[in-house]
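An overview of the molecular structure
Chain by chain, the residues:
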Amino acid sequence: MRVALEPAGSGPMLEDLLDHESVKVETVPEKKGILFLKHVEYKLVSPHFMLPVARRFSDFAVFHALLLQRFIYRMVPPMPPKRALKGVLNHRSEHFIENRRRGLQRFMTLVMRHPIISGDELVKVFMTANSAEVQVKMRETIKRIGDEYITCPMSAIVKRFMPDDIQTQTEVNREFICSMLSSIHKLRDVTERMSQRSRENSTDLLAFGKDLRALGSEKAQPPQVATAAPSWQNHRQSIHGLSEDFRILADKAALQGAKEENEVVERLSLFLDLLQSYKDLCDRHESGIFMEHQRAQQRRPEPLTELLEQPESRLAQQENAIVTMELRSYFSLFCLHQETQLVFTHLPLTTNILGAFIQSQIQGHKEMGDFWCDLLPKLNTIFEGNTGISSPPRSPCRRIIFP
């Protein structure tokens, strides 16, 4: 899908954006380079560009910087950090590398979803150029075509497409989206902690099963008085067998944590990156308007007596500079208005994410609950078989039927 620049008030539908071609970012298992100079490479696979390409993190960094030059008035997605926070994670650790890969995946997803950026020549170069030449070719491309304002055929007439109250709308929209950014950030942090607890639960269940195996191990020699009790020998073997059940429970808990991570946390993180890119754009817009205003003040026409003494070419240059800055200000405001509409187009995703969260909890708890329910009668059977004593009556495990 390639969407041309449209007047403010129109834009692509959410289904169109979600159906856009995607780029898959994969970590190359083997690090490249020698000794301490080794680096991680990422393979980019795209259905549109067909052939996969290998990229280093520095290639992504240059691509991101050039996107900001080319599309300074658009939402350029944020990049993951190059290094881990000092004292938190080692930037060479597998956990950090995987988190960075996920960040690069979100970055490429938002780039390819953007109706303007995705069809640009700079993206094509990044997705097709030879690994050794990609940075050089991207810089040459930017040097040749310049920023979006220069190449957009509507840059000089966008003012007529903007509503009269555009400034007021801009302020209201920014406040609303920044408030949403804060809320989504909190939701992402909570779901991330829930996913972490599921993984910790998996670790604890696995440790519990290992302890059961040790308790029921035949290698352990019990005291003579315990050996004389015939039931203990049978109990020990049965307990040893239960360790496998706890390993299965640990696997289910780990699967639940992975599902929460992939289906909820990552989708919230993607939405969060979209909102963050909008906030960054608003910050650039405000600072840009201020700087252009300052330049305009400095470049105001000089008194008539001084102007008459200057060459006509200098007068024309000053007038052109003022006109260009004014047009760029309008173009910046126009693009910001379009990007606001693009964010609003994505807002229904919050319902989809909430649905995925609820479904993951339903399915995860149902599977774990069913297994626990099946484990209790098994334990009762072991007790009765080894002792000959009926276990105390227990209410049956109530099954909850989910739709």
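Above this note sits the structure.
The rules behind each value
- Residues numbered from 1 in each chain as written.
- Predicted model: local features only at pLDDT ≥ 70, side-chain atom pairs only at ≥ 80, totals over all residues.
- Heavy atoms only, no water.
- Salt bridge = Lys/Arg side-chain N within 4 Å of Asp/Glu carboxyl O.
- Buried < 20%, exposed > 50% of the residue type's maximum accessible area, 1.4 Å probe, protein only.
- Pairing = 2+ DSSP bridges.
- Helix = DSSP H or I, 4+ residues; strand = E, 2+ residues; numbered from the N terminus.
- Axes fitted to C-alpha atoms, helices over the stretch in contact; angles between N-to-C directions.
- Contact = heavy atoms within 4.5 Å.

Moving on to the pattern of salt bridges. Summed over all chains, the structure comprises 21 salt bridges. Across the pair Asp189 and Arg188 runs a salt bridge whose closest N-O atoms are separated by 3.2 Å. What makes Arg188 buried here is its relative accessible area of 15%. A network of salt bridges, in which partner residues are shared, links Glu98, Arg101, Arg102, Arg106, Glu266 and Asp273.

Before going further, it helps to spend a moment on the sheet that holds strand S2 (residues 41-45). Spatial ordering of the open sheet is given by S1-S2-S3, a layout of three strands whose pairing is antiparallel. Each of the sheet's edge strands pairs with one partner strand only, and the pair in question is strand S1 (24-27) and strand S3 (53-56). Strand after strand, the sheet turns through a mean of 35 degrees between neighbouring axes, direction not considered. Pairing analysis gives four bridges linking S1 to S2, with the strands arranged antiparallel. Counted as the bridge partner of Lys24 is Val45 from S2. Sitting on the sheet, helix H2 (residues 57-70) touches S2 and S3, and the angle it makes with S3 is about 85 degrees.

The next thing to look at is the side chain of Asp147. Its place among the elements puts Asp147 in the loop between helix H5 (134-145) and helix H6 (148-151). Here Asp147 falls in the buried class, since its relative accessible area comes to 11%. Beyond its immediate chain neighbours, meaning those up to four positions away, Asp147 contacts Gln69, Arg70, Tyr73 and Arg328.

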